[in-house]
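Residue-level structural notes
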Amino acid sequence: GAVVSQHPSRVICKSGTSVKIECRSLDFQATTMFWYRQFPKQSLMLMATSNEGSKATYEQGVEKDKFLINHASLTLSTLTVTSAHPEDSSFYICSATGTGNSYEQYFGPGTRLTVT
Amino acid sequence: ELKVEQNPLFLSMQEGKNYTIYCNYSTTSDRLYWYRQDPGKSLESLFVLLSNGAVKQEGRLMASLDTKARLSTLHITAAVHDLSATYFCAVDEYGNKLVFGAGTILRVKS
């Protein structure tokens, strides 16, 4: 089956620094990748949608200058949290759809970000 | 704006019992997904329902979709402890953009 990986799985950073999270589709080409955020005991909220080679589309209320998304290839998307603050601490999950069954969304294992 | 409501939000079940989780959504959609999430983990895909009347079963779980009523159900048969997890439904708003329900925390007691 289609596999999506994320790196790192867990990261702790100091307030004011930036952190980059990678999302890779390992065995398929991801035409579209999605970034979600999940706070403890809450549901997943879509942050942005990215298509390879084009600018990401951000959901209402998500600061595009704070959460930089790059989808430079069909197998890699990155999310950079800039000038992180403790309130950015969350579980970040990416997903990807491929060119085959385009309705199937494959989720990565998630990245736990803690900002101290 | 699409809204997705799940109920119940918390479900405590005895082993061997049956129960149903409901997922209502507010606008037309042809795709509905069910996922399982274990603590500290990401999502595991359970079912993708693509048309009105679709029914899918895997083990003790069965999901159905009624697009006219904008309702999906996840039925649990003869629950076992291993089914304890959080279950999410998600609806495709458009272009694979998923809107998730709040999730149902299922605890199966032996």
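Scroll up to find the structure.
What comes next concerns the included structure. Model, not experiment: these values are computed from the prediction.

What counts, and at which threshold
Residues numbered from 1 in each chain as written. Chains lettered and ligands numbered in written order. Predicted model: local features only at pLDDT ≥ 70, side-chain atom pairs only at ≥ 80, totals over all residues. Heavy atoms only, no water. Helix = DSSP H or I, 4+ residues; strand = E, 2+ residues; numbered from the N terminus. Buried < 20%, exposed > 50% of the residue type's maximum accessible area, 1.4 Å probe, protein only. Contact = heavy atoms within 4.5 Å. Areas by Shrake-Rupley, 256 points an atom, 1.4 Å probe, with all protein chains shown as cover. Lys, Arg positive; Asp, Glu negative; His and termini not counted. Charge placed at Lys NZ, Arg CZ, Asp CG, Glu CD. Disulfide = S-S within 2.5 Å. Buried area = accessible area lost by both parts, 1.4 Å probe. Salt bridge = Lys/Arg side-chain N within 4 Å of Asp/Glu carboxyl O. Polar contact = N/O pair within 3.5 Å; in protein donor to acceptor, adjacent residues only side chain to side chain. Phe/Tyr/Trp six-rings, centres within 6.5 Å; stacked < 30°, edge-to-face > 60°.

1. Things to note about the overall build of chain B
Counting its regular elements, chain B contains zero helices and 11 strands. When the helices and strands of chain B are listed from N to C terminus, the series reads β-β-β-β-β-β-β-β-β-β-β. Seen along its three principal axes, the alpha-carbon backbone of chain B occupies a region of about 40 × 30 × 20 Å. For chain B, buried positions account for 46% of its 110 residues. In chain B, of all internal contacts separated by at least 6 residues, the share reaching a separation of at least 24 is 53%. For chain B, the accessible area works out to roughly 5,400 Å², and carbon and sulfur atoms hold 48% of it. Computing the positive centroid from 12 side-chain charges and the negative centroid from 11, chain B places the two 3 Å apart.

2. Section: the state of the cysteines
One covalent bond between the sulfur atoms of two cysteine residues makes up a disulfide. Enumeration over the complete set of coordinates arrives at two disulfides over all chains. Paired by a disulfide, A:Cys23 and A:Cys94 hold their sulfur atoms 2.0 Å apart. Looking down the S-S bond of the A:Cys23 and A:Cys94 bridge, the torsion is 80 degrees, so its handedness is right-handed. Of this pair, A:Cys23 sits in strand 3 (residues 19-25) while A:Cys94 sits in strand 9 (residues 90-98), and the two are 71 residues apart along the sequence. Between the sulfur atoms of B:Cys23 and its disulfide partner B:Cys89 the distance amounts to 2.1 Å. Here B:Cys23 and B:Cys89 share a disulfide; its torsion about the S-S bond, 80 degrees, makes the bridge right-handed. Here B:Cys23, found in strand 3 (residues 19-25), pairs with B:Cys89, found in strand 9 (residues 85-94); they are 66 residues apart in sequence, far enough to count as distant. Like B:Cys89, B:Cys23 is buried.

3. Description of the interface of chain A and chain B
Contacts between the two partners involve 20 residues from chain A and, on the opposite side, 19 residues from chain B. Both faces combined, the contact of chain A with chain B buries some 1,400 Å², and carbon together with sulfur accounts for 55% of it. On the chain A side of the interface with chain B, the three residues burying the most area are A:Ser43, A:Tyr103 and A:Phe107, jointly 34% of the side's total. The tally of links from chain A across to chain B stands at one salt bridge. Across the salt bridge formed by B:Lys97 and A:Glu59, the nearest N and O atoms sit 2.8 Å from each other. Connecting chain A to chain B are six residue pairs in polar contact (both at pLDDT 80 or more). Of all the secondary-structure elements, those providing two or more residues to the side of chain A that touches chain B are strand 4 (30-38), strand 5 (44-51) and strand 9 of chain A.

4. A closer look at the packing of aromatic side chains
In the structure shown here, the tally under the stated rule is nine aromatic pairs over all chains. When the ring of A:Phe107 is compared with that of B:Tyr35, the centres are 5.1 Å apart and the planes differ by 75 degrees; the resulting orientation is edge-to-face. Of this pair, A:Phe107 sits in strand 10 (residues 106-107) while B:Tyr35 sits in strand 4 (residues 32-37), on two different chains. Residue class for A:Phe107 comes out buried when judged on its relative accessible area of 12%. Accessibility expressed as a relative area gives 1% for B:Tyr35, which makes it buried.

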